[in-house]
Amino acid sequence: MNVEGKNYRTIWLKEDDETIISIIDQRYLPHKFIIEDLHSVNEVVQAIKDMHVRGAGLIGATAGYGMYLAAIEAGHKNSFDDHLNESAFRLKSARPTAVNPELAVNRQLDAIVKGKTTSEKIKIAKETAVMIADEDAAFCKSIGLHGVKIIERIAAKKKDEPVNILTHCNAGWLAFVDYGSATAPIYEAHERGINVHVWVDETRPRNQGAGLTAWELLNHGVPHTVITDNAGGHLMQHGLADLVITGADRVTRAGDAANKIGTYLKALAAHDNRIPFYVALPSSTFDWNIRDGLEEIKVEERSADEVKYVEGLCEDEIKKVLITPLQSAASNYGFDVTPARLITGLITERGVCKAAEEYISNLFPGKNMYV
Ligand code: MRU
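This structure is a prediction, so every number in the text was calculated from the model and none was measured. (Residues numbered from 1 in each chain as written. Predicted model: local features only at pLDDT ≥ 70, side-chain atom pairs only at ≥ 80, totals over all residues. Heavy atoms only, no water.)

(A) The overall build of the protein, seen in detail. For the protein, the helix and strand inventory stands at 12 helices and 18 strands. Rg of the C-alpha trace for the protein: 20 Å, near the compact-globule value of 21 Å for 371 residues, within the 12% margin. Evaluated residue by residue, the protein yields a buried proportion of 55% over its 371 residues. Across the protein, the fraction of contacts at a sequence separation of at least 24, relative to all contacts at a separation of at least 6, is 74%. (Helix = DSSP H or I, 4+ residues; strand = E, 2+ residues; numbered from the N terminus. Rg over C-alpha atoms; globule rule 2.2 N^0.38 Å. Buried < 20%, exposed > 50% of the residue type's maximum accessible area, 1.4 Å probe, protein only. Contact = heavy atoms within 4.5 Å.)

(B) Structural context of the site of the ligand. Inspection of the region around the ligand gives 17 residues, with R54, R95, D249, N259 and K260 positioned closest. Between the ligand and D249 there is a distance of 2.6 Å, counted from an oxygen atom to a side-chain nitrogen or oxygen. Between the ligand and K260, the relevant distance is 2.7 Å, taken from an oxygen atom to a side-chain nitrogen or oxygen of the residue. For the ligand, the accessible surface in isolation is 400 Å², of which the surrounding protein chains cover 100%. Judged by the proximity of its atoms to the pocket grid, the ligand belongs to the largest cavity. A breakdown of the residues in the shell around the ligand according to their chemical character gives eight nonpolar, five polar and four charged. Here the shell around the ligand spans two domains, since at least three of its residues come from each of domain 1 (2–135) and domain 2 (144–363). (Near = heavy atom within 4 Å. Polar contact = N/O pair within 3.5 Å; in protein donor to acceptor, adjacent residues only side chain to side chain. Areas by Shrake-Rupley, 256 points an atom, 1.4 Å probe, with all protein chains shown as cover. 1 Å grid on protein atoms, 1.4 Å probe; cavity = no way out; pocket = protein on both sides within 12 Å on 5 of 7 lines; lining within 4 Å. Sits in = over half its atoms within 2 Å of the grid points. Nonpolar A, V, L, I, M, F, W, Y, C, P; charged D, E, K, R; others polar. Domains from an automatic or database assignment.)

(C) The arrangement of the domain arrangement of the protein in detail. With domains assigned, the protein is organised as domain 1 (2–135) and domain 2 (144–363). Relative placement of domain 1 and domain 2: their C-alpha centres are 25 Å apart. The interface is formed by 34 residues belonging to domain 1 together with 33 residues belonging to domain 2. Here domain 1 and domain 2 share an interface that buries about 2900 Å² over both sides, 57% of which is from carbon and sulfur atoms. At the surface where domain 1 touches domain 2, the tally comes to two salt bridges. The residue E102 makes a salt bridge to R250 at a minimum N-O spacing of 3.2 Å. Among the elements that make up the side of domain 1 that touches domain 2, the one with the highest residue count is helix α2 (residues 56–74) (four residues). Within the side of domain 1 that touches domain 2, the residues separate by chemical class into 17 nonpolar, eight polar and nine charged. (Buried area = accessible area lost by both parts, 1.4 Å probe. Salt bridge = Lys/Arg side-chain N within 4 Å of Asp/Glu carboxyl O.)

(D) How the structure looks around the pattern of salt bridges. Scanning the entire structure with this criterion turns up 19 salt bridges. Here R192 makes a salt bridge to E152, at a shortest N to O gap of 3.0 Å. Of the two residues, R192 sits in the loop between α6 (184–191) and β7 (196–201) while E152 sits in helix α5 (residues 118–158), which places them 40 residues apart along the sequence. What makes R192 partly exposed here is its relative accessible area of 40%.

(E) Main features of the sheet that holds strand β13 (residues 286–287). The strand order β13-β10-β11-β16 describes an open sheet built from four strands, whose pairing is mixed. Each edge of the open sheet carries a strand with a single partner, namely β13 and β16 (335–338). Alignment of strand β10 (residues 250–252) against β13, held across two bridges, turns out to be parallel. Paired with T252 across the strands is D287, a residue of β13. (Pairing = 2+ DSSP bridges.)

(F) Fine view of the packing of α2 against helix α3 (residues 80–93). Running from N to C, α2 and α3 cross one another at 155°; their axes reach a closest spacing of 9 Å. The orientation of α2 relative to α3 falls into the category roughly antiparallel. Note on packing geometry: the crossing formed by α2 with α3 is right-handed. Within the contact between the two elements, α2 uses A63, G66, M67, A70, A71, E73 and A74 and α3 uses F80, H83, L84, S87, A88 and L91. Partitioning the contact of α2 with α3 into residue classes produces nine nonpolar, three polar and one charged. (Axes fitted to C-alpha atoms, helices over the stretch in contact; angles between N-to-C directions. Parallel < 35°, antiparallel > 145°, perpendicular 65-115°, else oblique. Left-handed = near helix turned anticlockwise from the far one by under 90°.)

(G) Structural view of the side chain of R302. Position of R302 among the secondary structure elements: in the loop between α10 (293–296) and α11 (305–308). In terms of polar contacts, R302 uses its side chain to reach the side chain of E300, at 2.8 Å. Here the side chain of R302 touches E306 through a polar contact of 3.0 Å, side chain to side chain.

(H) Expanded view of the pairing of strand β6 (residues 163–167). Most of β6 is tucked away, with five of its five residues classed as buried. Judged by which residues are buried, β6 turns out to be covered on both faces: V163, I165 and T167 on one side and N164 and L166 on the other are all buried. For the crossover that starts at β6, traverses α6 and ends in the parallel β7, the hand is right-handed. Pairing geometry for β6 and strand β9 (residues 243–246), over two bridges, is parallel. Within β9, the residue paired with I165 across the bridge is L243. (Right-handed = clockwise from strand over helix to strand, strands pointing away.)

Here it is as structure tokens:
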């Protein structure tokens, strides 16, 4: 996508050395645009844990590339399989809530085992990593084409008034390889000349909305306004939001959706105000093995320091400041689960469907892993 007129993906193989993975280091956005090179599985695991890369689709693609580096490293070890399996475990568990890394790593393991020699295994791992990344971008592009129809319908009723869309966190292109999930229909609508305006939840504690979504939208010239996390309900009560679109990190086969903490409260407010609430996701974010999101999705808890300190630009330097009493305890649940009953529909690469098992399995026949 567009960064000051240049087209970027969030992850790619370094042009002059394809044993190195390049990423946009998202810790410094929106203030600094820094590209980081990852040379080893250790560095990839750290980049996922410390959120140099983040967002379900992107950490899935990164884990896929991590397995390619694991295969290269395994070629120098006594046991190829031991190193591969140990790396697989570390990549899957670096951030537990999103299902995408698990899926990417399992797909790599299934593919790599087919190689007969070490070099064949490495070649397969590289091709599979690229395939996972390309597929992620293609899925997001299709999500845009399906989701834009929802925006078009609302625009037709609003005549010349903007369609006001509220989004939470960053489910934009930075959270994937390209396009984004929640933002893809918005970019598509903007390109088609539809008058859209986005309410961007700042999304404490790490402010992915204020820092990342706002930066993306700015680069694409999409009108937007950053709001505090608590403002959404008020906007909805006053007719200032027409639609909510969020992303997801893990969606059960029955349509319960785990997403960034605070999503559930937006869904409750949307329900109370009869505002459509959509969740956009590629099929790589479905966990076909589970039904009950509240019971079965493990919510990541992160460091209390993310709550106690905020980071921002001060006299051209990125600084971290304490906002609570130093001694106060803080808790940091990364995600919450929105029950399917509060979701108007799921926007996927195959189309839009109701958030219910019957409709999801009609769209994705054969995904019957649940026992
Ligand atoms: O903690 P993050 O930034 O990795 O969280 C992921 C998210 O950005 C959101 O939950 C998003 O809406 C879904 S990821 C496509």
